[in-house]
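# Coordinate inspection notes
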Amino acid sequence: MRILVIGASGMLGTDLQKEWTQDEIIPAGSRDADIRDAEQVRALVSRNRPDWIVLAAAYTDVDGSERNPELAFAVNGQGTENVARAAKEFGARLFYISTDYLYDGTSTRPYEPTDAIAPLNVYGQSKAAGEKAVHMYAQDWCIARTSWLFGAAGASFPEKILRAAETRPELTVVADQVGSPTFTRDLAGAMRDLVRGEARGVLNVTNAGSCSWFEFAQEVLRQAGRGAVRVSPITTAQAARLAKRPAYSVLSPASLHAQHITLRSWQDATKAYLQDLRACGKLV
Ligand SMILES: NC(=O)c1ccc[n+]([C@@H]2O[C@H](COP(=O)([O-])OP(=O)(O)OC[C@H]3O[C@@H](n4cnc5c(N)ncnc54)[C@H](OP(=O)(O)O)[C@@H]3O)[C@@H](O)[C@H]2O)c1
């Protein structure tokens, strides 16, 4: 199969290229096509004639989306519509990556793909617009909702914690938001298996288990041998971030298990991530 990966230079896109070795992967970055431009997207898809398009490109700055909602909607909403339309025109199937930030966080149990969405922030709203575009304009598609991505190819939360620990004796981390950290290599492998297994519809794909950002930071530091660094819990209100975030955005693994895929725990994934960081010299 020919798989066109749009967003190949991103954190997930980089790991998709590493994990997906069984098919012909065609990587595309924003230099190959700005997804906001329908003609550029059409030309890219027409040139490559893929069996599947994996749309891993997005404007992912959650606080930046509050400052610049036009950009968030142009990339995540209109950009997705452009890709969905081109996929349909050239007979490609579309795999879209979505987010736990679709939810308002008031649930008391893990979210199922069928639960009502009510995004609290512009980023979540723009990704919801992306999902809607997939439903409306693509013919044959799969949507994977995921959360709290971390991987060696991006400056994700654990790397920021490790960097901060180098210079600060004490860190403060939000303890009243709970979700499922997800390693981009594990997500990439699951996406490959879902495509090869002909999955369709909306699915949740995260590492197993859940924690707060505070607990995630503690685990990263402990596993990296920096357990002596003091981490103190703070509230979301104390963190004073621009975008609202859901207090609870754990995604149920039931839809993934139904595809006979189970991902390892976020703690085991953290161990593998730290090995990757060491291998690329980002951690000694
Ligand atoms: N990060 C998270 O915690 C998280 C959580 C849930 C879901 N997700 C979703 O997972 C997916 C991957 O996220 P990520 O963190 O790996 O992303 P990322 O590292 O921020 O990479 C974003 C990618 O999008 C591309 N891009 C941005 N604007 C573009 C445009 N106008 N045209 C074409 N390409 C454009 C970038 O290309 P250039 O580098 O060439 O600009 C880059 O390859 C996204 O759909 C995101 O919404 C992320």
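For the structure given in this document, a descriptive report is provided here. Quick caveat, the model's predicted, so the values are computed rather than measured. (Residues numbered from 1 in each chain as written. Predicted model: local features only at pLDDT ≥ 70, side-chain atom pairs only at ≥ 80, totals over all residues.)

A few words now on the overall build of the chain. Counting its secondary structure elements, the chain contains 11 helices and 12 strands. Its C-alpha atoms give the chain a radius of gyration of 18 Å, within 12% of the compact-globule value 19 Å for 284 residues. Dimensions of the chain, computed from the C-alpha atoms along their principal axes, are close to 55 × 35 × 35 Å. Taken over 284 residues, the chain has a buried fraction of 46%. A separation of at least 24 residues holds for 81% of the contacts in the chain among residues at least 6 apart in sequence. (Helix = DSSP H or I, 4+ residues; strand = E, 2+ residues; numbered from the N terminus. Rg over C-alpha atoms; globule rule 2.2 N^0.38 Å. Buried ≥ 20, exposed ≤ 12 C-beta atoms within 10 Å, placed from the backbone. Contact = placed C-beta atoms within 7 Å.)

In spatial order, the strands read E2-E1-E3-E4-E5-E10; together these six strands make up an open sheet with parallel pairing. Of all the strands in the sheet, the pair left with one neighbour each is strand E2 (24–28) and strand E10 (201–204). Ignoring which end each strand starts from, the neighbouring axes of this sheet average 20° apart. In the sheet, strand E3 (residues 52–55) pairs with strand E4 (residues 93–99) via four bridges, with the strands oriented parallel. Note on E4: the bridge partner recorded for Val54 is Phe95. Each of strand E1 (2–6), E3 and E4 is contacted by helix H4 (residues 69–89), which is oriented at about 160° to E4, the strand it contacts most. Strands in contact with helix H5 (residues 122–137) are E4 and strand E5 (141–146); relative to E4, the strand with the most contacts, it is inclined by about 160°. (Pairing = 2+ DSSP bridges. Axes fitted to C-alpha atoms, helices over the stretch in contact; angles between N-to-C directions.)

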